[in-house]
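Reading the structure
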Amino acid sequence: MDSKGIVMKIGFMQGRLCDRVDGKIQAFPWQDWEQEFPVAKQIDIKLMEWTLDQDKLYENPLMTETGRAKIKALSNEYQVAIDSLTGDCFMQAPFFKADDATRGSLLEDLSEIIKACADVGIKYVLIPLVDNGAIQTLEQQESLIEGLLPLSQRLIDKKMKIVFESDFPPEKLASFIALFPEDAFGINYDIGNSAALGYSPEKEIYAYGHRIDNVHIKDRVLHGTTVPLGTGNANFPAVFEALKKSQYSGNFILQTARADDNQHAAAISRYRDMANQWWNDNAT
């Protein structure tokens, strides 16, 4: 990717171009999801990451035939691609922590989600292994692997990947992702989460940079919450330099702090320009 190419690769997390839902920093925007497409076009952003919650899972437009038809129509009309999905549902109800009966139902949900994503052209299904979805025991890790590895060929056939967001330190995450085939599984690198955990981006990306397929751009304070870009502990120049060295060529999704003044489009535009500048400052 050259210094000009990143602009086309910067997208936004669904919901960031409209008001918060019930005060949450991230949730599916039931009232406004259709309106985000024209707003994105107005500010010349051509990429969105879909969000999916466990609550009302099968009512989400992605999970209905008529909804998917509407998504594809809006995507085509406003030229906003949807390459990836953040499955907060997997964090809210992790199958690898559930009892046998519930586990089977949740794995069936995952299968249906993959099917729906394939229909609208989503290539990356993100499973957050953080917060309520964090792997805490070897048994949970084994349950996760046993549930996901059988999906490998299906993902390969559909040219899709499951990507993990994890709170593991660099060496542990490198060992973990090595348990999964490269052509079906990868990593979502979250800049803000790593900063909050105090990890070195150089060490992280050196350890598993070749497995990173998607990047979330946000800023957080050490051991703290999300803050506006450039005001937290994230070392963006170091991150972008390390990503360039690893020859990263995937997308960047703005999962940034919400605009307190409700000027959502202005905030996303500003953050897009900041990210682009950090990338260009590390142009080779």
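Quantities reported herein were computed from a predicted structural model and do not represent experimental measurements.

**Observations regarding the overall build of the protein chain**
A tally of helices and strands in the protein chain yields 12 helices and 10 strands. With respect to the three principal axes, the spread of C-alpha positions in the protein chain is 50 × 45 × 35 Å. Buried residues in the protein chain amount to 56% of all 284 residues. Across the protein chain, the fraction of contacts at a sequence separation of at least 24, relative to all contacts at a separation of at least 6, is 76%. Put simply, the protein chain shows about 12,500 Å² of open surface, and 47% of that area lies on carbon and sulfur atoms. Charge separation in the protein chain, taken as the distance between the mean sites of 29 positive and 41 negative side-chain charges, equals 5 Å.

**Looking at the environment of Gly 192**
Tracing the backbone shows Gly 192 in helix 9 (residues 191-197). Between the C-alpha atoms of Gly 192 and Val 239, which are 47 residues apart in sequence, the distance is 11 Å.

**Side note on helix 8 (residues 170-177)**
It helps to recall that an α-helix has 3.6 residues per turn; residues three or four apart then point in one direction. All of the buried residues along helix 8 are Pro 170, Leu 173, Ala 174, Phe 176 and Ile 177. For helix 8, the buried positions fall inside an angular range of 160° around the axis, keeping them on one side. Those residues of helix 8 that are buried lie in contact with strand 4 (124-129), helix 6 (138-148), strand 5 (161-166), strand 6 (185-190) and helix 10 (201-208).

**Digging into helix 10**
If you check which residues of helix 10 are buried, you get Pro 201, Glu 204, Ile 205 and Tyr 208. Take helix 10 and look down its axis: the buried residues cluster within an arc of 90°, on one side only. Projecting away from the buried face of helix 10 at angles above 90 degrees are the exposed residues Lys 203 and Tyr 206.

**Re the pattern of salt bridges**
In total, this model carries eight salt bridges according to the counting rule given. Here Lys 161 and Asp 213 are joined by a salt bridge, their closest N and O atoms 3.2 Å apart. Taken together, the positions of Lys 161 in strand 5 and Asp 213 in strand 7 (residues 212-217) put the pair 52 residues apart, joining distant regions of the chain. The same class applies to Lys 161 and to Asp 213, which are both buried.

Rules used in this analysis
Residues numbered from 1 in each chain as written. Predicted model: local features only at pLDDT ≥ 70, side-chain atom pairs only at ≥ 80, totals over all residues. Heavy atoms only, no water. Helix = DSSP H or I, 4+ residues; strand = E, 2+ residues; numbered from the N terminus. Buried < 20%, exposed > 50% of the residue type's maximum accessible area, 1.4 Å probe, protein only. Contact = heavy atoms within 4.5 Å. Areas by Shrake-Rupley, 256 points an atom, 1.4 Å probe, with all protein chains shown as cover. Lys, Arg positive; Asp, Glu negative; His and termini not counted. Charge placed at Lys NZ, Arg CZ, Asp CG, Glu CD. Arc of directions from axis to C-beta. Salt bridge = Lys/Arg side-chain N within 4 Å of Asp/Glu carboxyl O.

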